[in-house]
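# Commentary on secondary and tertiary structure
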Amino acid sequence: MGSTNRITGLIAAGLGVGLASCQSDYRANATNVASSLQGGSYEVAAAQAAGFLDDCDDRDRAVVLMEAARTAQVAGDLEASTNYYLEVDELLRPYLSTKPDALVSEVVSATIVNQTMSTYRGTPGERIMLCTLLAINRLAAGDLANARIDLNRAHDWQQAAVAHYQAEINSEQSALESASRGKGRDVSGARHHQGLAPLHQSVEDLRGYADFANPFSTYLRGVFLLATSADAGDLSNARSDFRAVLGMAPVTAPVVDLDIAAVEAAQRGELPPTTWVFVMSGLGPYYEEFRLDVPIPFGQVNYVSAAFPVFKRRTATMESFMLRSGELTAASAPLCDLDQILGAEYRIRLPGVITQELASSAAKTAATWAASSAARSGGNNDAAALVMIAVWIYQAGSTAADLRGWRSLPQRIAVARLATPADGLVNVVGADGNSLCSLSVDAGRNNIVVVTLPSAHAPPSIQMAQLATGLQQAPPAATVQPRDQPLAAPISAAEVQPVATPVKAVNQPIAAPATAPAAVAAPAASSSTGSADRGRVVRVRPGNAHSTKNGSGGPR
């Protein structure tokens, strides 16, 4: 009877840990943040993400910081965003070269309870985007030296993934299978159970880019090197980056070919000021829990419950846009699909995720069988019944899929470029011919503009940077001005690439420009404003942008 009590005590302790790790608070917060972003309530999303930093478990802190950094960036609070990015960068940077991603102690904990017990360290795609988005903040602040470092570190994360990530996943999976077989629980056959087909089907068409590459990060570095070229080496590296993008995504050729030609012109000292506009549309993928009874024979127990994360994609929003300045137009090219990148990484991780969960389920089944056997051998049927109830509650309560992931990333990124117009006015036009926003860029400089549209109904969030040859220039304030008239004529269908779901925009004249410099106009805290905010004055200040409301300020 003593052994039964000990087993019951262990089960009760494990039950408390398992239930506490179900991550219900994290899941609810992540869902709320994504909903606020899609509704265009950017300050609300930033406050929700930052507010959860005080309550989240240390194991979840990296992914919560990612959400806080990105939502603050979209809300226009670039100072807070940069601080959050730097904090999560400090958490993850040791895994760039010195620490393995998988720790034995965490693998054991995950096997005893579930995979949410491990510390979240981001996937290669998330780490690359972390450095790239941080670089965008640096560019907007005129901090070109650190922007260069961040863009180079994004490249380093890619190389580290190629060198270590796949090997570590394979090694972890082999170790788990060997450990399970050593205890009489062979999970290798169950890994191919037909009930797991939905997991594989969710990403069967997602292949990603070669070697964990991200064409957006590579292209942005090429643009940076071209636009700020300090020497011939920068131009040579820019050409290499542009050629790498063509290799990853040949569909970018209409835009990237112009950049390669621009490198050659720059080598002759003939590069005119150029403006690049990136549109980040939609929100990236997320995970839902998929529960299944799988056969793992052990003692008198043949089926156990397991939970797995299934990859989910959101409805596509926008794939193309146009730039218009006077008589000039420039079509965009699709540059990066985060569904493809993160889905391909999920495909790589999936065998290990399944093996880990099955090993965990098998271990719990073994505990169930051992506890029930001990209770029966004591001859106390009441005790046996209580033990069985306890172990099954433990198994059900501690079965939880790891649904953590950076949900506020964009779904797709497209790019267009044109010679910076003499008046600095550039209109960004959706596929339906309506204005998404009008930009006032510096006519004498190279400009980078990033427009974020989390949904077809959300107002644009804009970050801008003015660049010139040399690393020491400080950019002036950049503004986003409305057009005082509707478009003279819609863009013809022949000029615009087809899209699956066009972005909706208000088909009305845009409000007249402000007569005096306006304060920062934050998106409304309610999604009811929706697309009605398109075309209004939005002033973007490099560096110390406005603070979000509700205490979503600096780092903790």
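See the structure printed just above.
So, here's what we can say about the structure.

This brings us to the nonpolar core. Of all hydrophobic cores here, the largest spans 103 residues; its most connected members are F216, Y219 and F278. Residues contacting F278, with those up to four places away along its chain left out, are F216, Y219, L220, L335, I413, A414, V415, I448, V449, V450 and V451. F321, V426, L436 and L453 belong to the second largest nonpolar core, which has 20 residues in total.

Under the criterion given, the structure shown has 19 salt bridges. One salt bridge in this structure joins R417 and D259, with 2.8 Å as the shortest N-O distance. Of this pair, R417 sits in strand β7 (residues 412-419) while D259 sits in helix α12 (residues 253-267); the two residues are 158 residues apart in sequence, bridging distant segments of the chain. For the residue pair R417 and D259, the accessibility class agrees, reading buried in each case. Ionic pairing is found between E319 and R412, a salt bridge with its closest N-O pair at 2.5 Å.

Attention shifts here to the packing of aromatic side chains. In this structure the tally under the stated criterion is seven aromatic pairs. An angle of 35 degrees between the planes, with centres 5.8 Å apart, marks the rings of Y287 and Y346 as tilted. One end of the pair, Y287, is in strand β2 (residues 286-298); the other, Y346, is in helix α13 (residues 338-377), with 59 residues separating them in the sequence. No difference in accessibility class separates Y287 from Y346, as the two residues are buried.

Rules used in this analysis
Residues numbered from 1 in each chain as written. Predicted model: local features only at pLDDT ≥ 70, side-chain atom pairs only at ≥ 80, totals over all residues. Heavy atoms only, no water. Core = buried A, V, L, I, M, F, W, Y, C linked by side-chain atoms within 4.5 Å. Buried < 20%, exposed > 50% of the residue type's maximum accessible area, 1.4 Å probe, protein only. Contact = heavy atoms within 4.5 Å. Salt bridge = Lys/Arg side-chain N within 4 Å of Asp/Glu carboxyl O. Helix = DSSP H or I, 4+ residues; strand = E, 2+ residues; numbered from the N terminus. Phe/Tyr/Trp six-rings, centres within 6.5 Å; stacked < 30°, edge-to-face > 60°.

These values are about where atoms sit, not about what they do.
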